[in-house]
Every structure is written in structure tokens, then in C-alpha cells.
Amino acid sequence: MECSRMLIIPYGNADTRGMLHSCSKRDFLNYTVQYLERTMVMIRLDSILQLLQAYEANYPEILKYAFVINAPKIFSAAFALIKPFMNENTIRKVKIFGTRGWREVILNEVSPDQLPAHWGGTMTDPDGDPRCPSKIGCGGKIPISYYNNWNDEKVDDSLTTIVLSKAGKKVIDTEVLKPNTELRWKFHSEDYDVAFQVTLDTPSGDQEIIVPYQRVNSHMFPEEGSVLCSTPGTYNILFDNSYSYLRSKKLHYSIELIDPS
């Protein structure tokens, strides 16, 4: 068997909605990056990494195969939609199965003693549990008591509060005087989402897109982010509700410039 290390992620048990209610998106992304970095350290220490080609933009190749088991039909349909945006090498490594046929394929790549019995191998916990929860986080429902109820909390005095009218928008022009100034933002809305975008006025009179236009679920958790402004000029922060003809939105936000020194 060539594969001496594998990661098992029982995502079907993950309470994604609960996680996003219980922490900020930045915390969630930071945890994901930290997990990848820890994985890279583990692989380097075990000396089993064989570089093939770049897997994604920020990390070297660490994936040999990804087995998706018990996948509903809608997963295959969704995967077909995103395949045109994926690297061909990555597509070939994703193996999707329903309820049958996956054990034999996995065991062609993984030694049975390295695979929990629940997933077709022979490994068990010391107490005989075939899911090996001592090694694998099996997920589960996050208690509602952990949720951060942003709308019920007192609004931070450092935030500016505005109301986006029905089909309305707010553009905040921010002058950046020094190159490599950091532009930071934080905002959350009440009850409903808003759209967000950052652009830069160019000498020709056009606008360069810095952060693409996107609708943000800022009513579920605060949105935080930043960009490094390499070019001085006027940066336009857009909060948009033009797609909503029935509801106005209350928005709390802060915008900060961090001097490069």
C-alpha cells in the first residue's frame, strides 16, 4: 500500500450553520488555515510528501484522493457545476460514491489497519468503537447556547449605524494617502443580508474592482476583512440593498485605515 496516512472528515455530521452562528467567519477561516498548516507539518515530519503539481493557489500538492461516500444525487449535480473551475488533476482525484462500491476502492489505496472499521478497515478504538472517535472528530449538533446572537447584543459604540432604504445603497469614499496602507472593515446587519464591494477610482475615471461585489450574510455573523492598498487614491466602500424592493436594512459598520509604519 502506497498510502501511509489519510485524513477522515465525516462532514455529514458537521453542524455548519451552528458553527457560523457560534463564531465569526474570520475565526472559521483561521481555524481552517491552521488545520491545513498542522497537516503540512505532520506530512513533512512523516516524510511521505511527494510533490506532483500545485493543488491549490496557496498550498503545495497534499491530496492523493478524495473519497466522497454516501453522496446524495444533488452533490453530484453540484460538483458537475463547479468542475469547470477546478484543476483537471484535482477533478481526477475526487471519487464520488453512493452507498456501495467505495470500500473496495479505498482499500486499494489504504492499509486496512489504517482505516477505521466503520469505513471498511480493521482499526478500532481501545474500547472497540469502530468509528475511532479518539482519532476522528465525528461532529454533531452545536448547542444553541453557544450561538452568538449579534442582533440581541448591545451595538459597539465604535460602529456607525445607518439604514439602507428599500432598493438603496451607501457609498463611503475613503482617501488613502500612502502606499501600503491597510484598509479594514467590519460590519453586521440586522435580520437580513446586504451586498458589499470595494473599488478604487483610477486616473482615467474608471473604477478598479478591489473586492468583488457579493451578497453577505452579515445578519448571521459580523463580516470582517481588509486589503493592502498599494496604490494611493480614493477607495469606495459600497453597502448595497438595491436588490431588495421590500425591506430596508439596519447596518452597523466601521472602516479603519492602518498607516504602513
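Calculation rules
Residue numbering note: each chain is counted from 1, following its sequence as written. Thresholds applied to this predicted model are a pLDDT of at least 70 for local features of residues and 80 or more for the giving and counting of side-chain atom pairs; totals over whole chains, interfaces and linings are not thresholded and use all residues. Each side-chain value is derived from all of the structure's non-hydrogen atoms; neither hydrogens nor water enter the calculation. Where helices and strands are cited, they refer to DSSP runs of H or I of at least four residues and of E of at least two residues respectively, numbered from the N terminus. The classification of residues rests on relative accessible area computed with a 1.4 Å probe and restricted to protein chains. Under 20% of the type maximum is buried, over 50% is exposed, and intermediate values are partly exposed. Every residue pair with non-hydrogen atoms within 4.5 Å of one another is taken to be in contact. Each accessible area is a Shrake-Rupley result for a 1.4 Å probe, and residues are judged covered by the shown protein chains and nothing else. In this scheme, strands are said to pair when DSSP sees at least two bridges between them. Angles run from 0 to 180 degrees between N-to-C directions of axes, and those axes are lines fitted to C-alpha atoms, restricted for helices to the stretch in contact. One side-chain nitrogen of Lys or Arg within 4 Å of one carboxyl oxygen of Asp or Glu is enough to make a salt bridge.

Looking now at the overall build of the protein chain. The number of helices and strands found in the protein chain is five helices and 10 strands. Classification of the 261 residues of the protein chain by burial places 32% in the buried group. For the protein chain, restricting intrachain contacts to residue pairs at least 6 apart in sequence, the fraction spanning at least 24 positions comes to 71%. Just so you have it, the protein chain exposes about 16,600 Å², and 53% of that area is on carbon and sulfur atoms.

We now examine the sheet that holds strand 7 (residues 207–216). Backbone hydrogen bonds are what pair the strands of a sheet, in a parallel or an antiparallel way. Strands sit in the order 4-9-6-7 across an open sheet of four strands; the sheet is antiparallel. Each edge of the sheet is formed by a strand with only one pairing partner; in this case those strands are strand 4 (169–176) and strand 7. In this sheet, adjacent strand axes meet at a mean angle of 15 degrees when their direction is disregarded. In the sheet, strand 6 (residues 194–201) pairs with strand 7 via seven bridges, with the strands oriented antiparallel. Counterpart to V198 in the pairing with strand 7 is V211.

Take unusual backbone geometry next. Only a minority of non-glycine residues have a phi that is not negative, and only a minority of peptide bonds are not trans. With a phi close to 55 degrees, C132 is a non-glycine residue in the positive phi region. One can find C132 in the loop between helix 5 (102–107) and strand 3 (160–164).

Take the pattern of salt bridges next. Opposite charge on two side chains makes pairing possible when the charged atoms of those side chains draw close. A full pass over the atoms with the stated rule returns five salt bridges. The partner of D259 in a salt bridge is K178, with the nearest N and O atoms 3.0 Å apart. Of this pair, D259 sits in the segment after strand 10 (249–258) while K178 sits in the loop between strand 4 and strand 5 (181–189); the two residues are 81 residues apart in sequence, bridging distant segments of the chain. Here K178 falls in the partly exposed class, since its relative accessible area comes to 44%. Two residues, R215 and D193, come together in a salt bridge whose shortest N-O distance is 3.1 Å. Separated by 22 residues along the polypeptide, R215 in strand 7 and D193 in the loop between strand 5 and strand 6 bring together distant segments of the chain. The exposure class of R215 is exposed, given its relative accessible area of 52%. Each of the salt bridges in this network shares a partner with another, and the network as a whole consists of D193, R215 and K249.

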